[in-house]
Amino acid sequence: MKLERLAPCKINLLLNVLGRRSDGFHELETVLLPLPLADRLTFELAEGPITLSCDHPELPVDASNLVHRAATEFCARARVTCGVRIHLEKRVPLAAGLGGGSSNAACTLLALNQLFGLPLAESTLHALAAALGSDVPFFLSEGPALGTGRGEQITALRPFEVLRGGHLLLIHPGFGVSTPWAYQHLSRHPAARDGQPGRALALIETLHRGDLASAARQFYNALEAPVFEKHPWLALVREFLEAQGALAARMSGSGSTTFALLERRDAAERLRAEVQARFGTNLWTAILEL
Ligand code: C5P
């Protein structure tokens, strides 16, 4: 039996860090939006151990890979002998702040649960997902969500109708940012590390009210402070995108992808051409309709 699944990525419209916790993680509130850009995974029951292959040469396919870890954890918890062959076609850039690896892991948990006849309840899948990474539980369901705690506590949100038909220009510079590094270096930026709670609910309210211009001004990412200090180029890109007419531009997650929101596709195409003329053509870019 073979299953094919798409694993979509996400952006954080808002990522407000509320302080460092005693377990070393950071408390946060984040507004997560799934994007129509996805990796493709296939799962096939097979003899022998868990095997993973991938079309991206830089991604390790050994037991350190989050897909491999998700499959191993699933089989242990479900008490099944996991002969399974997994193939991953990467479309989402790596270490990009788009949650690609987390989405692949959640997709693996859901697909294996289906392949093995639904041995695990939703709450068990959620616990496995949270143990794999703070962003993984978000990808167990569809649609936008509020993330709290270290990001793993998910509240599903009504779709943001006001964004429908809008366009995102995504820009990835070709280098990644380490998530632990970004959080660790928040200690140099106490104002960004110790944000006031309430910004997420305020943004959600504005989005549901349908006020796009105000919502765009409320987009926020506390991790820009440490990441822009190390990579000033990313700050220049963000400034450029906003100066050239994007409704808003922000880094997603711990970077290094920047997204710009525009109403129309032709404006997004023009902006991409301007970014390439200014910053070079060897950037990874994508234009997505929401
Ligand atoms: O949970 P995840 O594996 O994505 O976290 C990677 C690292 O990012 C953690 O080990 C921690 O250093 C940092 N992190 C954090 N606070 C969060 C999420 C991640 O400090 N809410």
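You'll find the structure just up there.
Residues numbered from 1 in each chain as written. Predicted model: local features only at pLDDT ≥ 70, side-chain atom pairs only at ≥ 80, totals over all residues. Heavy atoms only, no water.

*Asks:* Would you mind going over the side chain of S102 with me for this structure?
*Replies:* Relative to the helices and strands, S102 is located in helix α2 (residues 100-115). Accessibility expressed as a relative area gives 13% for S102, which makes it buried. The residues touching S102, leaving out its near neighbours within four places in the chain, are L66, D135, V136 and F139. (Helix = DSSP H or I, 4+ residues; strand = E, 2+ residues; numbered from the N terminus. Buried < 20%, exposed > 50% of the residue type's maximum accessible area, 1.4 Å probe, protein only. Contact = heavy atoms within 4.5 Å.)

*Asks:* Just checking my understanding: could you explain the environment of G195 for this structure?
*Replies:* Position of G195 among the secondary structure elements: in the loop between α5 (190-193) and α6 (199-209). You can call G195 buried: its relative accessible area is 12%. Linking G195 and V17, residues 178 residues apart in sequence, is a C-alpha distance of 5.5 Å. Not counting the four nearest positions on each side in its chain, G195 is found in contact with N16, V17 and L18.

*Asks:* Honestly, the site of the ligand in this entry has me stumped. Any pointers?
*Replies:* The environment of the ligand is made up of G24, F25, H26, L28, G133, S134, R150, T179, P180 and Y183. Note that an oxygen atom of the ligand is positioned 2.8 Å from one of the side-chain N or O atoms of H26. For the ligand, an oxygen atom lies 2.6 Å from a polar atom in the side chain of S134. Contributions of two or more residues to the shell around the ligand are made by β2 (26-45) and α4 (179-184). When residues in the shell around the ligand are grouped by element, the largest group, three residues, is from α4. Among the residues making up the shell around the ligand, the classes are represented as four nonpolar, five polar and one charged. (Near = heavy atom within 4 Å. Polar contact = N/O pair within 3.5 Å; in protein donor to acceptor, adjacent residues only side chain to side chain. Nonpolar A, V, L, I, M, F, W, Y, C, P; charged D, E, K, R; others polar.)

*Asks:* Explain the sheet that holds strand β10 (residues 258-262) here, please?
*Replies:* Strand pairing in a sheet relies on backbone hydrogen bonds, with the paired strands running either antiparallel or parallel. Here four strands make up an open sheet; going across it, the order is β9-β10-β7-β11 and the pairing antiparallel. In this open sheet, the two strands that pair with only one neighbour each are β9 (248-251) and β11 (284-289). Pairs of neighbouring strands in the sheet enclose a mean axial angle of 20°, with direction left out of account. Strand direction decides the pairing type here: strand β7 (residues 167-172) and β10, joined by five bridges, are antiparallel. Opposite L168, over in β10, you have L261 as the bridge partner. Taken strand by strand, helix α10 (residues 265-279) contacts β7, β10 and β11, and its axis lies near 170° from that of β11. (Pairing = 2+ DSSP bridges. Axes fitted to C-alpha atoms, helices over the stretch in contact; angles between N-to-C directions.)

*Asks:* What am I meant to see in the packing of helix α1 (residues 66-78) against α2 here?
*Replies:* In a packed pair of helices, the relevant descriptors are the angle between the two axes and the axis-to-axis distance. Between α1 and α2, the least distance of the axes is 8 Å, while the angle of their chain directions is 30°. With respect to their mutual orientation, α1 and α2 come out roughly parallel. The hand of the α1/α2 crossing is right-handed. Contacts between α1 and α2 involve L66, V67, A70, A71 and F74 from the former and G101, S102, N104, A105, T108, L109, L112 and N113 from the latter. Counted by class, the contact of α1 with α2 contains eight nonpolar, five polar and no charged residues. (Parallel < 35°, antiparallel > 145°, perpendicular 65-115°, else oblique. Left-handed = near helix turned anticlockwise from the far one by under 90°.)

*Asks:* Would you take a moment to explain unusual backbone geometry for this structure?
*Replies:* Negative phi is the rule for most residues except glycine; trans is the rule for most peptide bonds. Omega for the bond connecting G255 with S256 falls within 30 degrees of zero, at 15°, which places this linkage in the cis form. Within the secondary structure layout, S256 lies in the loop between β9 and β10. Of note, A95 is a non-glycine position whose phi angle comes to about 45°, a positive value. On the secondary structure map, A95 appears in the loop between β4 (84-89) and α2. For A95, a relative accessible area of 48% gives the class partly exposed. Positive phi outside glycine occurs at L118, with the angle close to 55°. Within the secondary structure layout, L118 lies in the loop between α2 and α3 (122-132). Look at L118 and you get exposed, because its relative accessible area is 61%.

*Asks:* Would you mind going over the packing of aromatic side chains with me for this structure?
*Replies:* Each aromatic ring pair is summarised here by two numbers: the centre-to-centre distance and the angle between the ring planes. Throughout the structure, instances matching the rule amount to five aromatic pairs. The interplanar angle of 55° and the centroid separation of 6.2 Å between the aromatic rings of F219 and F259 together place this pair among those described as tilted. Within this pair, whereas F219 is found in the loop between α7 (212-218) and β8 (220-221), its partner F259 is found in strand β10, the two being separated by 40 residues in sequence. Overall, F219 belongs to the buried group, its relative accessible area being 3%. The exposure class assigned to F259 is buried, which follows from its relative accessible area of 0%. Seen in terms of ring centroids, F240 and F279 are 5.4 Å apart; in terms of plane orientation they differ by 90°. Their pairing is edge-to-face. With F240 in helix α9 (residues 232-243) and F279 in helix α10, the pair connects residues that are 39 residues apart, well separated along the chain. (Phe/Tyr/Trp six-rings, centres within 6.5 Å; stacked < 30°, edge-to-face > 60°.)

On their own, these measurements won't tell you what the molecule is for.
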